[in-house]
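Summary of the model geometry
Okay, here's what each chain looks like letter by letter:
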Amino acid sequence: VFDRAALSAPPYRSSARAGACPADACLRLRPVRLSGRAWRGEPDTCAQPGALVGSGVPFSSCSKRIGQRISTLHIRKTSMAALGFVNSSPAIGSLRESASAVAQTNTAPFAGADVPVGTSCFSSLGAICAASGLAAVGLASGKKQRKAKTTVVSTRQFVARHALDQSSRDEDLSLDEDTPIKNGKPVLVELEDPSDLLACSRRGLAVVQGAAAGAPRMRSLPTSVRNSGGIDQWNMKHADLKRLKVMLDGMCLATTVDEALEEVHAIMSLGRNFWAYAYMRTLYSKKPDVYYGTLLAKPATLLPVVYTPTVGEACQKFGKLPFQRRGCYISLNERGNIKSVLEEYAAAELTQGPDGRYLCDCIVFSDGGRILGLGDLGTWGMGIPIGKLDLYAACAGVNPHRTIPVIIDVGCSDAAGNSDKVVVRDNELYTGMKQDRKKHTSEAGTSVNSEYYGKDSLIGEFMQAAADVFGKRCLLQFEDFNSNDAFPLLAEYRDKFLTYNDDIQGTAAVAVAALMGAIKLRKPKCTDLVGELGSQTFLFHGAGSANLGTLKLLSQEAGVPKSKIFVTNSRGVIWRSKDGKEGSFRNGEQKGFAQVGKPTYDASNLADTIEHIKPSCLIGAVGVAPGCFDKKVVDALVRVNGSERPSMFAMSNPGDKAEITARDAYTWSNGRVIYASGTGFEPVEVDGKTFAPGQVNNIYIFPGVSFGAISCQASTIPERFFMVAAEAIANTLDEAD
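Values in this document were obtained by computation on a predicted structure and should not be read as measured data.

Conventions adopted
Residues numbered from 1 in each chain as written. Predicted model: local features only at pLDDT ≥ 70, side-chain atom pairs only at ≥ 80, totals over all residues. Heavy atoms only, no water. Helix = DSSP H or I, 4+ residues; strand = E, 2+ residues; numbered from the N terminus. Buried < 20%, exposed > 50% of the residue type's maximum accessible area, 1.4 Å probe, protein only. Contact = heavy atoms within 4.5 Å. Areas by Shrake-Rupley, 256 points an atom, 1.4 Å probe, with all protein chains shown as cover. Phe/Tyr/Trp six-rings, centres within 6.5 Å; stacked < 30°, edge-to-face > 60°. Lys NZ or Arg CZ within 6 Å of the ring centre and 35° of its normal. Pairing = 2+ DSSP bridges. Axes fitted to C-alpha atoms, helices over the stretch in contact; angles between N-to-C directions. Salt bridge = Lys/Arg side-chain N within 4 Å of Asp/Glu carboxyl O. Core = buried A, V, L, I, M, F, W, Y, C linked by side-chain atoms within 4.5 Å. Expected span 1.5 Å × (residues − 1). Arc of directions from axis to C-beta. Disulfide = S-S within 2.5 Å. pLDDT = per-residue confidence, 0-100. Parallel < 35°, antiparallel > 145°, perpendicular 65-115°, else oblique. Nonpolar A, V, L, I, M, F, W, Y, C, P; charged D, E, K, R; others polar. Lys, Arg positive; Asp, Glu negative; His and termini not counted. Polar contact = N/O pair within 3.5 Å; in protein donor to acceptor, adjacent residues only side chain to side chain. Right-handed = clockwise from strand over helix to strand, strands pointing away.

Our focus in this paragraph is the overall build of the protein chain. From N to C terminus, the protein chain includes 25 helices and 24 strands. Split into buried and exposed, the 737 residues of the protein chain put 59% on the buried side. A fraction of 72% describes how many contacts in the protein chain between residues 6 or more apart in sequence connect residues 24 or more apart. A total of about 29,200 Å² of accessible surface is found on the protein chain, and carbon and sulfur atoms cover 50% of it.

Okay, structure coming up:
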């Protein structure tokens with residue numbers, strides 16, 4: 001049976017071309033060999049053994065799928081005698097006429113209507129129809145054909161499903177009396193044996209789509225794509241997407257890991273990894289196993305392609321690439337029906353366990369509200385959940401076929417809502433809901449998404465639906481929510497579901513690991529890294545989710561006194577009055593780490609602040625102020641630390657949002673600072689000495705934490721998990737490092 005991934009985007013029109021056997025195209029889809037007794041029914045040799053004539057769903061020559069039903073199929077009753085298997089085996093050369101005939105139908109509007117096609121080669125016509133997503137009707141099984149015409153029906157049209165039972169095989173197919181089977185109307189039937197397909201054909205039923213092997217999706221697509229009629233229609237509707245799809249398909253011809261490596265390296269030689277990203281997405285859509293094999297073969301080379309730093313640009317242009325099937329979109333319009341949306345996606349992309357439940361270990365979900373340091377990108381932010389799950393697989397061994405990337409779509413800001421003022425929501429290629437987010441002011445005085453709170457909370461419905469469909473041990477990871485929503489949502493659900501927020505907790509863990517690693521550089525003989533953290537003074541520039549999460553981990557798990565922790569926002573060093581009624585804080589999280597008393601120095605000037613506080617560690621995660629660690633800041637940090645090497649971290653992603661580059665940090669400090677960044681930078685040579693910057697990236701944390709939580713069937717993820725993970729990472733640094 002050809003796997004569901006290969007069958008998710010009919011029609012396979014690329015195979016219907018003159019002079020080429022459509023089997024070539026079919027064989028590029030990944031075949032799966034199943035054990036069992038032989039399938040009765042003589043196949044068409046041109047379509048390759050086992051291909052069902054006219055179905056658009058090739059089946060291999062085998063029988064039952066072990067342990068579960070083989071497929072769920074749409075069947076269409078024809079007005080003609082029967083649809084079946086053609087026993088003749090014409091020469092390959094006779095395909096030319098048939099290809100031409102089917103090609104003529106491509107210009108016709110396929111809305112489920114029968115289209116007559118003239119041909120003298122019924123066998124090859126059936127093969128091409130099977131490869132092109134068309135159902136050929138009117139072919140009688142096992143009888144010599146002399147007619148000059150048959151008809152084809154587009155398999156694009158899907159209607160309401162009706163369950164059917166069957167209890168017999170081959171010659172007779174039993175259907176419930178209450179099931180309406182009307183001419184031309186597809187219904188849903190579950191078949192346990194491929195021989196049932198032959199019984200369908202002898203009853204005059206044409207199999208037009210395998211639901212379990214690539215179920216038609218509509219509700220789990222983003223709003224604009226769904227409104228256009230589906231994935232294929234969306235890509236065909238827009239001229240740029242249509243042409244790019246042809247180009248990318250032509251670039252991505254690999255069938256093995258070695259071939260894929262050759263192709264992606266050739267693209268990367270041009271110096272722009274964005275095209276390599278587009279190539280890898282195309283490779284995934286064609287051959288997921290080759291995709292992961294390629295990723296694992298060269299992780300140091302390809303992880304920066306599929307995730308940071310390339311993923312930032314990819315999200316800004318996500319809708320400008322051909323739409324692919326991967327990713328589940330949950331629209332505000334589906335409130336009350338989210339469980340059905342997840343079930344639809346699961347039917348198309350996941351497998352079922354022995355108990356009939358779809359197998360999903362992890363969901364990474366975002367609302368696109370704060371993608372990296374880029375701001376609100378809405379549904380174009382899907383690149384982040386996809387990239388995260390790729391790292392789950394490559395870095396921790398999480399089964400990628402048991403994961404779901406999700407975007408919660410409640411609207412998107414206009415161009416003013418993202419840092420580069422990219423036109424996203426108002427772009428004709430925007431895939432999501434073209435409306436503003438509905439917001440209100442919370443009790444803490446912050447602007448939050450209204451749809452996420454109260455008894456009708458969309459987030460609450462989503463998390464409960466995920467637990468209902470996949471079980472309570474399915475990990476639900478928050479990703480790239482705006483900070484004003486991230487903290488209250490985590491607090492609301494962290495003890496109710498298996499969940500965590502990587503931006504808050506994962507970033508905190510890797511930052512603390514890096515701070516302990518810096519201690520090992522300063523004091524190689526130190527054995528109590530956690531205890532030594534208490535002797536440091538920290539200045540956090542930026543009060544978003546990343547820095548606030550680190551503050552909490554240092555204070556609550558490492559025991560660092562709050563008097564040693566300083567944090568800034570756009571107003572400077574955050575402070576509060578003794579009674580807490582006044583201050584420069586913007587929310588409760590910032591207030592919790594505000595210094596008592598208004599600063600007597602210029603707290604809005606970073607260099608002056610450093611001179612007054614004398615921090616040993618400066619951590620930047622501003623996101624909207626690239627280059628804010630200028631030479632004055634570096635000079636001040638080096639000066640106040642005397643003979644000690646201070647730590648300077650530029651955590652903002654992607655690289656062009658970094659507070660300081662590695663070159664500037666090492667050059668301006670003459671190699672004194674211990675530098676690290678969220679996005680990797682190349683080594684820098686200063687006075688004949690090479691400095692290799694560290695990368696403080698969540699990749700060191702979230703794959704392992706998630707895999708551990710999945711493996712031990714955790715019920716919750718306490719903060720202690722992240723402190724243990726941080727210590728483990730810091731202690732991997734050896735003398736050579």
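Looking now at the packing of aromatic side chains. Aromatic ring pairs: the centre-centre distance and the angle between the two ring planes describe each pair. In total, this model carries 17 aromatic pairs according to the counting rule given. A centroid spacing of 6.0 Å and a plane angle of 85° characterise the contact between Tyr284 and Tyr292, whose relative ring orientation is edge-to-face. Across the pair, Tyr292 and Tyr284 agree in class, each one buried. Here the aromatic rings of Phe323 and Tyr329 are separated by 5.8 Å at their centres, their planes lie at 40°, and the arrangement is tilted. Each member of the pair Phe323 and Tyr329 is classed as buried. Taken together, the aromatic side chains of Phe365, Tyr452, Phe462, Phe478 and Phe481 make up a single cluster linked through ring pairs. When the ring centre of Tyr284 is taken as origin, the NZ or CZ atom of Arg326, which lies over that ring, is 4.4 Å away. Sitting above the plane of the Phe593 ring, Lys562 keeps its charged end 4.9 Å from the centroid.

Another aspect to go through is the sheet that holds strand β8 (residues 362-366). Strand pairing in a sheet relies on backbone hydrogen bonds, with the paired strands running either antiparallel or parallel. With respect to topology, 5 strands assemble into an open sheet ordered β7-β9-β8-β12-β13, the strand pairing being parallel. The open sheet is flanked by β7 (328-331) and β13 (499-501), the only strands paired with a single partner. Adjacent strand axes in the sheet meet at a mean angle of 25°, parallel and antiparallel pairs treated alike. The strands touched by helix α17 (residues 502-522) are β12 (475-478) and β13; relative to β13, the strand with the most contacts, the crossing angle is about 70°.

What follows covers the pattern of salt bridges. A full pass over the atoms with the stated rule returns 26 salt bridges. Lys388 is the salt-bridge partner of Glu479, the closest N and O atoms lying 3.7 Å from each other. Note that Glu479 is positioned in the loop between β12 and α16 (483-493) and Lys388 in helix α14 (residues 383-396), a separation of 91 residues in sequence. Here Glu479 matches Lys388 in class, with each residue buried. Taken together, the salt bridges that share partners define one network made up of Arg219, Arg226 and Glu334.

Spatial strand order, β16-β15-β14-β19-β20-β21-β24: 7 strands in an open sheet with mixed pairing. Every other strand in the sheet has two partners, leaving β16 (572-573) and β24 (694-695) as the edge strands with one partner each. Inspection of the sheet shows strand β20 (residues 647-650) paired to strand β21 (residues 674-677) by 4 bridges, in the parallel sense. Counted as the bridge partner of Phe649 is Ala676 from β21. Packed on one face of the sheet, helix α19 (residues 545-557) meets β14 (538-541), β15 (565-569) and β19 (617-620) and runs near 160° to β14.

Here we take up the nonpolar core. Counting residues in each nonpolar core, the largest one holds 151 residues, and the members touching the most others are Ile363 and Phe470. At 11 residues, the largest contribution of residues to this core is made by α17. Setting aside its immediate chain neighbours within four residues, Ile363 contacts Ile404, Val406, Phe462, Ala466, Phe470, Cys474, Leu475, Leu476 and Gln477. Formed by 29 residues, the second largest nonpolar core is a distinct cluster that contains Val633, Val638, Val640 and Ala662.

Turning to helix α8 (residues 257-268), a few remarks are in order. Taking 1.5 Å of rise per residue, the 12 residues of α8 would be expected to cover 16 Å, and the 16 Å separating its terminal C-alpha atoms lies within 8% of that figure. Within α8, the full set of buried residues consists of Ala260, Leu261, Glu263, Val264, Ile267 and Met268. Within α8, the buried residues cover an arc of 170° as seen down the axis, which keeps them to one side. Across α8 from its buried face, at more than 90 degrees, point the exposed residues Asp258 and Glu262. In this structure, the buried side of α8 is in contact with α7 (239-251), α9 (273-286), α10 (288-297) and α11 (299-306).

Inspection of every chain in the model, using the stated rule, returns 0 disulfides. A disulfide-free cysteine, Cys360 has its sulfur positioned 3.9 Å from the sulfur of Cys474, the nearest such atom.

Within the secondary structure, Glu259 sits in helix α8. Remark: the alpha-carbon pair of Glu259 and Val290, spanning 31 residues in sequence, is separated by 9.5 Å.

The next thing to look at is the confidence of the model for the protein chain. Taken over all residues, the pLDDT of the protein chain has a mean of 77, while the share at 70 or more is 71%. Below pLDDT 50 for its whole length, residues 1-215 participates in 442 contacts with residues either more than four positions away or in separate chains.

Put simply, α10 and α11 touch, their axes get as near as 6 Å, and they point 120° apart. With respect to their mutual orientation, α10 and α11 come out oblique. Where α10 abuts α11, its residues Tyr291, Thr294, Leu295, Leu296 and Ala297 lie against Pro299, Leu302, Leu303 and Val306. Partitioning the contact of α10 with α11 into residue classes produces 8 nonpolar, 1 polar and no charged.

Attention shifts here to α7. For α7, with 13 residues, the first-to-last C-alpha span of 18 Å sits near the 18 Å given by 1.5 Å per residue. Among the residues making up α7, those that are buried are Leu241, Leu244 and Leu248. Seen from one end, α7 has its buried residues packed into an arc of 65°, which puts them on one side. Opposite the buried face of α7, by more than 90 degrees, sit the exposed residues Ala239 and Arg243. Close packing links the buried residues of α7 with α6 (231-237) and α9.

Tracing the backbone through its elements, the reader meets Arg281 in helix α9. One buried charged residue, Arg281, remains without a salt bridge, the closest side chain of opposite sign being Asp390 at 8.7 Å. Apart from residues no more than four positions distant in its own chain, Arg281 is found in contact with Phe318, Leu321, Pro322 and Gln324.

Now for the environment of Glu349. Mapped onto the elements of the fold, Glu349 is located in helix α13 (residues 338-349). Here the side chain of Glu349 touches Arg325 through a polar contact of 3.0 Å, side chain to side chain.

Both faces of the sheet carry side chains from a regular strand, because those side chains alternate between them. Where burial is concerned, the two faces of β12 agree: the one with Leu475 and Gln477 and the one with Leu476 and Phe478 are both buried. Relative to β12, β8 runs parallel, the two being bridged by 4 bridges. Bridge pairing in β12 places Phe365 opposite Phe478. Pairing analysis gives 3 bridges linking β12 to β13, with the strands arranged parallel. Considered in β13, the bridge of Gln477 is made with Tyr500. Once you follow β12 into α16 and on to β13, the crossover reads as right-handed.

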